[in-house]
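The residues making up each chain are set out below.
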Amino acid sequence: MNHLTRNDYATALQVLARIEAQSAGVDGFALAAVTALNDFVASELTTLSVCDLRSGHRQVVSTPGVRLGADALECFDRHFFDHPLVRYHGLRRGRHTQRISDLQGAREYHQSALYGDYYRRIGLEHAIAVPLFQDDSTLVSIVLNRRGLDFGERDRERLELLRPHLAFLYAHACRSANTPADGVPVPLAPVRPDPAPAGLTAREREVLRWLACGKTDADIAALLSISPRTVHKHLEHIYVKLGVETRTAAVMRGMAAPPPV
């Protein structure tokens, strides 16, 4: 069930624009992403986590003003391979945004050494992870953490909406970096985007591209030398093919789709 509203889609576009504007290299992306997502979905601690799947070691960039101590980082590493989100995204190659509670029951989680030795120790209870990059040796995720209520389904859907775009921006930041960020691996490619639900025609792709640039129906008609009525019909077909109902949702869904072969 989709719990997202028009405002969710509009806010998501603003978040992406904010991150893109501040993503000067990997460090810039990391700081911009954890700051923007911490505002987008309420969290006590948001990190960009780079996990070495071979050594069981994690490096993090945290929300400004919130810092994990060396003891906490070492504690996490002790239980690295028992973490439900590391297992799901890193070892099983799960591609979608997940909460700990999606993968492990509350009783089992609260009885685990990970919870008792790490989460309870740092005063956090719940976590949700957005995977940006996965290969045989590295997992890069943005992880949001809370003390009180768990992340809801709408929270998960809002983060999942951003996931493919964040993966793209992360990959772009990696490619544009002359050297890796201090001690942070720079992967060569992001998580592959989700396939589009249906292919668009060449004309529909043109309409969607100008729509993403903020053009009105009349603007698009003039640019493509067609009538506004024809633009409207193209938009109707785009909405059906992408499974959306609004212009903003069409732009978001279209951005997530891979380019035509």
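From a predicted model like this one, the values you see are computed outputs, not experimental measurements. (Residues numbered from 1 in each chain as written. Predicted model: local features only at pLDDT ≥ 70, side-chain atom pairs only at ≥ 80, totals over all residues. Heavy atoms only, no water.)

## Brief notes about the confidence of the model for the protein
Here is the rule: Values of pLDDT, ranging from 0 to 100, describe the predictor's confidence in every residue of the model. By definition, any uninterrupted DSSP run of H or I lasting at least four residues is a helix, any uninterrupted run of E lasting at least two residues is a strand, and each is numbered from the N terminus. Contact definition: two residues touch when any of their heavy atoms are within 4.5 Å.
Scored by pLDDT, the protein has a mean of 84; 88% of the residues are at 70 or more. Least confident of the elements in the protein is helix 12 (residues 247-256), whose mean pLDDT is 69; most confident is strand 3 (residues 98-99), at 98. In the model, residues 185-197 has pLDDT below 50 throughout and makes 41 contacts with residues more than four positions away in sequence or in other chains.

## Comments concerning the side chain of E160
How we decide: Nitrogen and oxygen atoms within 3.5 Å of one another constitute a polar contact, given that in protein one can donate a hydrogen and the other can accept it, and given that sequence-neighbouring residues count only through two side-chain atoms.
For E160, the location among the structural elements is in helix 8 (residues 153-176). A polar contact is formed between the side chain of E160 and the side chain of R163, at a distance of 2.8 Å.

## Section: the sheet that holds strand 3
As a reminder, the rule being used: By the convention used here, strands pair only if DSSP detects at least 2 bridges between them.
Read across the sheet, 5 strands follow the order 2-1-5-4-3 without closing on themselves; strand pairing throughout is antiparallel. On the outer flanks of this sheet lie strand 2 (57-62) and strand 3, each paired with one strand and no other. Here strand 3 runs beside strand 4 (residues 126-134); their pairing, made up of 2 bridges, is antiparallel. When the sheet's bridge partners are listed, R99 is paired in strand 4 with I128.

## So, the packing of helix 9 (residues 202-212) against helix 10 (residues 217-224)
Test applied: An axis is simply a line fitted to the C-alpha atoms; with a helix, the fit covers only the stretch in contact. Between two such axes, the angle follows the N-to-C directions and lies from 0 to 180 degrees. Throughout this description, any angle smaller than 35 degrees is read as roughly parallel, any larger than 145 degrees as roughly antiparallel, any in the 65 to 115 degree range as roughly perpendicular, and the remainder as oblique. Left-handed describes a crossing whose near helix is turned anticlockwise from the far helix by less than a right angle; the clockwise case is right-handed. Following the grouping adopted for this structure description, the nonpolar residues are Ala, Val, Leu, Ile, Met, Phe, Trp, Tyr, Cys and Pro, the charged ones are Asp, Glu, Lys and Arg, and the polar ones are all others, Gly among them.
Here helix 9 crosses helix 10 at 130°, and the two axes come no closer than 10 Å. Overall, the two elements helix 9 and helix 10 adopt an arrangement that is oblique. The handedness of the crossing between helix 9 and helix 10 comes out as right-handed. Residues R203, E206, V207, W210 and L211 of helix 9 pack against I220, L223 and L224 of helix 10. When the residues that make up the contact of helix 9 with helix 10 are grouped by side-chain class, the tally is 6 nonpolar, no polar and 2 charged.

## Thoughts on the side chain of T46
Keep this limit in mind: Note on classification: 1.4 Å probe, protein chains only; a residue is buried when its accessible area is under 20% of the maximum for its type, exposed when over 50%, partly exposed between these limits.
Along the chain, T46 turns up in strand 1 (residues 45-52). When its relative accessible area of 0% is taken as the criterion, T46 is described as buried. In this structure the side chain of T46 is engaged in a polar contact, spanning 2.7 Å, whose partner is the side chain of N38. Aside from chain neighbours lying at most four places away, what touches T46 is V34, N38, V61, S62, T63, I142, V143 and L144.

## Some words on the nonpolar core
Stated formally: What we call a nonpolar core is a set of buried Ala, Val, Leu, Ile, Met, Phe, Trp, Tyr and Cys residues that are connected through their side-chain atoms within 4.5 Å.
Judged by nonpolar contacts, the single largest core of 52 residues is most densely connected at I19, F29, L48, L132, I142 and L166. With 9 residues, the top contributor of residues to this core is helix 2 (residues 25-40). Discounting residues that sit within four places of it in the chain, F29 has contacts with I19, Q22, S23, A24, L48, L132, L166, L169, Y170 and A173. Listed in part, the 21 residues of the second largest apolar core include L45, L68, A72 and C75.

## Observations regarding the pairing of strand 5 (residues 138-146)
Burial within strand 5 is extensive, with 9 of its 9 residues counted as buried. Residues of strand 5 alternate between two faces, with T138, V140, I142, L144 and R146 on one and L139, S141, V143 and N145 on the opposite face, all of them buried. In terms of strand pairing, strand 1 meets strand 5 through 8 bridges, oriented antiparallel. Following the sheet pairing, V50 is matched in strand 5 by V140. When strand 4 meets strand 5, the two strands line up antiparallel, connected through 8 bridges. Paired with F133 across the two strands is V140, which belongs to strand 5. Counting the residues in the hairpin turn of strand 4 and strand 5 gives 3 residues.

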